[in-house]
Amino acid sequence: MTDDPSFVLPTPDVTRTAHEGLLLNLPDTPEPAPAVLLNHGVPYRAEGRPLPSAWQIYQGYAAQLAAHGSVAAVVDHSPDGLPDDGRSLTALSKAIAAVRAHPRVDASRVALWFFSGGSPLSVGFLQSPPDWLKCIALTYPVLGDSELVTIRGVHPVDAVRGARGLPLVMTVVGRELPDVALTQPPFIDAARAAGADLELIEVPDGRHGFDVLDHTEESRQAVAAALSAVTERVRA
């Protein structure tokens, strides 16, 4: 992935406000709204780069979610770009608590969206979904041991067996990195066997990072479908 490529969809002009180290993207509605927290991938090259919350890809997703009616924020859970489950989970837990406490947020309706090597952070939420969690989204996820990430503790394939009826929105690409591609089918099979409400969005010609690398109609439709699916589920 290049340093800061452009998002495949327009980035809407939405209201943003700083809150406990997060930049909240706010919908144009007065009543409390659902919230979506975006969790970036790891590892990434951190030297000389801004934190992921400033990258065009995540700003684009967050602004689109706000335009769709949700409060959205990016969690900078790994400031040095290196995997560290404990540190990242602590940052995510603090972010969830801060966002749910915000007056513009309906604390009973939250979704968590994980990208690439950040996807193992979903394990605890899959294994035992809290009442406020309405959806987990996974985009070109790393869901097992690979050269990109070492998963500690429970394996995602085992964790998803506890998801039961939790809505899952998973985006997979046809030109995935080989070691990542191997981790995805066992997770999909386990999710379906567990009765999880899985929506699978497929991007046959997409690459890992298609949402900034492949500016095609297929990419735009896939991102739009994921945004709509997450929005529908977090508002349910």
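Residues numbered from 1 in each chain as written. Predicted model: local features only at pLDDT ≥ 70, side-chain atom pairs only at ≥ 80, totals over all residues. Heavy atoms only, no water.

Hey, could you run me through the nonpolar core in this one?
What tends to happen in soluble globular proteins is that the nonpolar side chains get buried as a cluster. If you look at the biggest cluster of nonpolar residues, it comprises 41 residues, and the most contacted ones within it are L37, L112, F125, L126, I136 and L168. Take this core: its biggest share by element is 5 residues, from helix α2 (residues 85-101). Here I136 is in contact with L112, F114, S122, F125, L126, L166, P167, L168 and V169, once residues within four sequence places are set aside. In terms of nonpolar packing, the next biggest core, distinct from the first, is built from 35 residues, Y44, A137, V173 and L227 among them. (Core = buried A, V, L, I, M, F, W, Y, C linked by side-chain atoms within 4.5 Å. Buried < 20%, exposed > 50% of the residue type's maximum accessible area, 1.4 Å probe, protein only. Helix = DSSP H or I, 4+ residues; strand = E, 2+ residues; numbered from the N terminus. Contact = heavy atoms within 4.5 Å.)

How should the pattern of salt bridges be read in this particular structure?
Two side chains bearing opposite charge may form a pair once their charged atoms approach each other closely. Within the structure shown, the criterion is met by 7 salt bridges. Here R109 ties to D106 by a salt bridge, and the two come within 2.7 Å at their closest N and O atoms. Here R109 falls in the buried class, since its relative accessible area comes to 18%. Of the charged contacts in the structure, one is a salt bridge between R233 and E199, with a shortest N-O distance of 2.7 Å. With a gap of 34 residues between them, R233 in helix α8 (residues 217-234) and E199 in strand β8 (residues 197-207) connect regions that are remote in the sequence. Of the residues examined, E199 reaches a relative accessible area of 27% and is grouped as partly exposed. Via salt bridges that share partners, E199, E232 and R233 belong to a single interconnected network. (Salt bridge = Lys/Arg side-chain N within 4 Å of Asp/Glu carboxyl O.)

What exactly am I supposed to notice about the environment of P12 here?
Among the structural elements, P12 can be located in the segment before β1 (15-19). Remark: the alpha-carbon pair of P12 and P120, spanning 108 residues in sequence, is separated by 30 Å.

So what exactly am I meant to see when it comes to the packing of aromatic side chains here?
The description of two aromatic rings rests on the distance between their centres and on the angle between their planes. Here the structure, examined in full by the defined rule, presents 10 aromatic pairs. Geometrically, the ring pair formed by W113 and F115 is stacked, given 5.7 Å between the ring centres and 5° between the ring planes. Residue classification places F115 among the buried residues on the basis of a relative accessible area of 1%. Three or more aromatic residues link up through ring pairs in this structure, and these residues are F7, Y44, W55, Y58, Y61, W113, F115, Y140 and F210. Looking at R49, its charged tip hangs above the ring of W55, at a distance of 3.8 Å from the centre. (Phe/Tyr/Trp six-rings, centres within 6.5 Å; stacked < 30°, edge-to-face > 60°. Lys NZ or Arg CZ within 6 Å of the ring centre and 35° of its normal.)

By themselves these figures say nothing about function.
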